[in-house]
Amino acid sequence: MWGGGELKDNLAHIQNRLLRNTLNIAVIGRARQGKSRLLQTITGLTSDEIPDGNQAFCTGVRSDIINDPATEEAYANVNFLTEERFIDENIAPYFVELQKYKPELFTPMSIVEFKDFVLPQPGTFKATPEDVTQMNLHLQHLKDLQEHLPQYQEYLGKPPLRISRGQIREYVAQDNTKGERVYFKHMAVDSVEIFCKFPNSDVGALRLIDLPGLGDTRIGDVDRVVRALRDQVDLVFFLSKPSNAGAGWQDNEVYLYSQARRALGEKLPIERWAFWVFNHDSRTGADNRTQCELLKNSMRAAQISVADTVIVDCTNTEEVSEKLIDKALEHLASNIERNDREYAENIQASLISTMQKFREILSEAQMILRDDSSFDDRDSGVFDGLFDYVWDEICEELQAYVEEDSVLRRNRENPCLPLQERIETVLDEEDNTDVGVAAEAMKKASRRRGGLGSAYEDCLHQLRTGLSRKMQQNLDDILENVLCETKDTLCYILGVTGRLEKRFRVHDHRLFGELLNFIEASGYKDEVPTLIEGFSLVNDWTMSYRSFIQHRIRSSLNALDPLDSECLAMGTPTSEVQAAENLRELYKQAIYTLRKEFDEIYSEPNKAAFAIAEEFKDIMIRPHDTKDNGPRLINQWRKLYRSIKGDIWPEEYGTSQRRRDVCAKLRVPLMSLVALCNSTDFTFLN
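This report concerns the structure included in the present document. Every residue gets a number counted from 1 within its own chain, in the order that chain's sequence is written. Reporting in this predicted model follows two pLDDT cut-offs: at least 70 for local features of residues, and 80 or more for side-chain atom pairs to be given and counted; totals over whole chains, interfaces and linings ignore these cut-offs and use all residues. Side-chain numbers here rest on the full set of heavy atoms in the structure, without hydrogens or water.

Turning next to empty space enclosed by the protein. Empty space among the atoms becomes apparent when a probe as large as a water molecule is rolled across them. Only protein atoms enter the calculation, which uses a 1 Å grid: trapped sets of points that fit a 1.4 Å probe without letting it out are cavities, open sets showing protein on both sides within 12 Å along at least five of seven lines are pockets, and any residue with an atom within 4 Å of a point is a lining residue. Grid points are joined across faces, edges and corners, and a volume is the space filled by probe spheres set on the points. According to the stated counting rule, one finds two cavities of 30 Å³ or more in the structure shown. Taken as a whole, the largest cavity holds about 40 Å³ of empty space. Looking at the largest cavity, it is lined by ten residues, and the ones nearest its centre are Gly29, Arg30, Glu253, Leu256 and Trp276. Put simply, DSSP marks the helices as runs of H or I at least four residues long and the strands as runs of E at least two long, and each gets a number from the N terminus on. Contributions of two or more residues to the lining of the largest cavity are made by strand S1 (23–29), strand S7 (235–240) and helix H9 (251–261). Ranked by residues supplied to the lining of the largest cavity, first place goes to H9 with three residues.

Shown next, in the form of structure tokens:
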């Protein structure tokens, strides 16, 4: 692979590092090594804000502590996980592990699914005792998350929340200072930023990043540590507290160091930006100074290399300030600019090298796609024979569909029976309908409006509108069926007889749209103008009530229009009785006019269907060779069939067609990609 994902990641990493506005020091190490006590000593915070190992549980929530001299009272901003990230980072990794032993398990895709998920019972895994123990721990973790979902679910997806100093613990820890397990909000927390005034005001814009302690970590915590080191950290403190009873390098300490090394890899070796801090416990009878010295002196043997080592009592404010923080800030002042530049230069060199390799690959691919002679028809005689047979069949069936004794031609003078039945049913019903209801409404309207004339006109409008609506009901469906029947027949000829369904998987009216889309994307649409014309003619053909019938219905309803001559000829009624009689007479007249009008147009849909089919036949199979029509018609059909011959005749051309299709899809985007790469300069340093 050419490393496109790595290129993108590298650009993001360098941007994150160069845009930081604080000096960032991360503290990592195994659990119970004094990490929290060290952070308390540096920041002046207490176990209320930075829970330490004296309690039964230290959560893995990342906390950033930022020195802000203007802050009188510490506070925090809490950043919550989205539901999607919660599932991806806190749920899915455990199911991936469980599925190794229970493949039938599926990973919940949402909080709702997780809430109702029935977890396996502990001890049901067929594995070694060690693996069973690990799987049971995973199950317990998932059970805790599931059981306490009501206590933290509402926080998932919430915007950042500012909280006071006294609230911090309930968002980062599981227990209170008494060791009681009462907090569960931390399960929804991504990270916490704590702002406070450090006791040593000379540290400036310093950010301490408290990363999870190895040993209390969940699945994925090591990867989160690595991401933080890569993107945001200027200096890292590895912390360990050797036992006074004897000490040696722990496997998990060496593992954490090796994982941290891969954060920036060779682009900026970790020995340039890491301190190893040995926590000197000088309590009476528990002094581990000797063990600290022994580990310090054996670092080379353990293959551990850092910029500096410090032995310090993490509970001693003055000692931590002088021996550790001052030395760290001095190191940063001397090296941070050089480190950033070296890292950026290595990123730039990596980008340039990657792009050079990519350009070489693109050049090779371009040559392969350009030289497609291997896909040309070396056996054109075989293709010509296959095509000529299909072409003759298409021409014969299209001609038969509209020839003199065809059903379509005979039906063009016959009524469209579904349309006739629908209209006659409505007219018969209305012819036998007494408009007395409208007349009664007119009487009420006359009394309400205080005038017979206005009420009479209102009733005419109501009768006209009501009849018009009844006439148009279901007409669009009827006309659409006539249209689709003709389209389906034409597509059946092309799809089945013409074998085009083997490529496009349809032989009904949808085939025309598939053909047009294919030609549009083919790269040769300008060479087949007649095919586009014919396919578009049928594909775009529509018949609807509004375009086909509405104007005829409306003109037939003039008898119910108060301003029309037919209505005016009845005169103005002088009484409610006369008005009611007029309404009945005019309604009958409208029904009569509609019958006459539709007697003349019942055959129109069939005529339209025949006309479309005949025009399609004339366009698509008649021979011609003019400048206006472009390439000869037969050659346009050959162009289409040649481009999909592997699908049409898979036994003869299947393999070469698939190769041709791949090349056709890749050629244009590849050319664009080559142009982009050749015009892009990845040098961003002076």
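This next bit is on the environment of Leu235. Counting through the fold element by element, Leu235 comes out in strand S7. Here's how the labels work: a residue is buried when its accessible area is under 20% of the maximum for its type, exposed when over 50%, partly exposed in between, all with a 1.4 Å probe on protein chains only. Residue classification places Leu235 among the buried positions, given a relative accessible area of 0%. Taking C-alpha positions, Leu235 is 9.8 Å from Leu208, a pair spaced 27 residues apart along the chain. Filtering out sequence-adjacent residues up to four positions away, Leu235 remains in contact with Asn24, Ile25, Ala26, Trp273, Ala274, Phe275, Ala328, His331 and Leu332. A contact between two residues is defined here by any heavy atoms of the two lying within 4.5 Å.

Criterion for a salt bridge: a side-chain nitrogen of Lys or Arg within 4 Å of a carboxyl oxygen of Asp or Glu. Across all of its chains, the model carries 33 salt bridges by this definition. A salt bridge links Arg165 to Glu49; its shortest N-O distance comes to 3.0 Å. Of this pair, Arg165 sits in the loop between strand S4 (161–164) and helix H7 (168–172) while Glu49 sits in the loop between helix H2 (35–43) and strand S2 (62–67), and the two are 116 residues apart along the sequence. Residue Asp384 is joined to Arg638 by a salt bridge in which the shortest nitrogen-to-oxygen separation is 3.1 Å. Taken as a pair, Asp384 in helix H12 (residues 380–402) and Arg638 in helix H26 (residues 633–643) lie far apart in primary sequence, 254 residues in all. In this structure Arg638 comes out as buried when scored by relative accessible area, which is 19%. What emerges from the salt-bridge pattern is a single network uniting Arg62, Asp64, Glu193 and Arg207.

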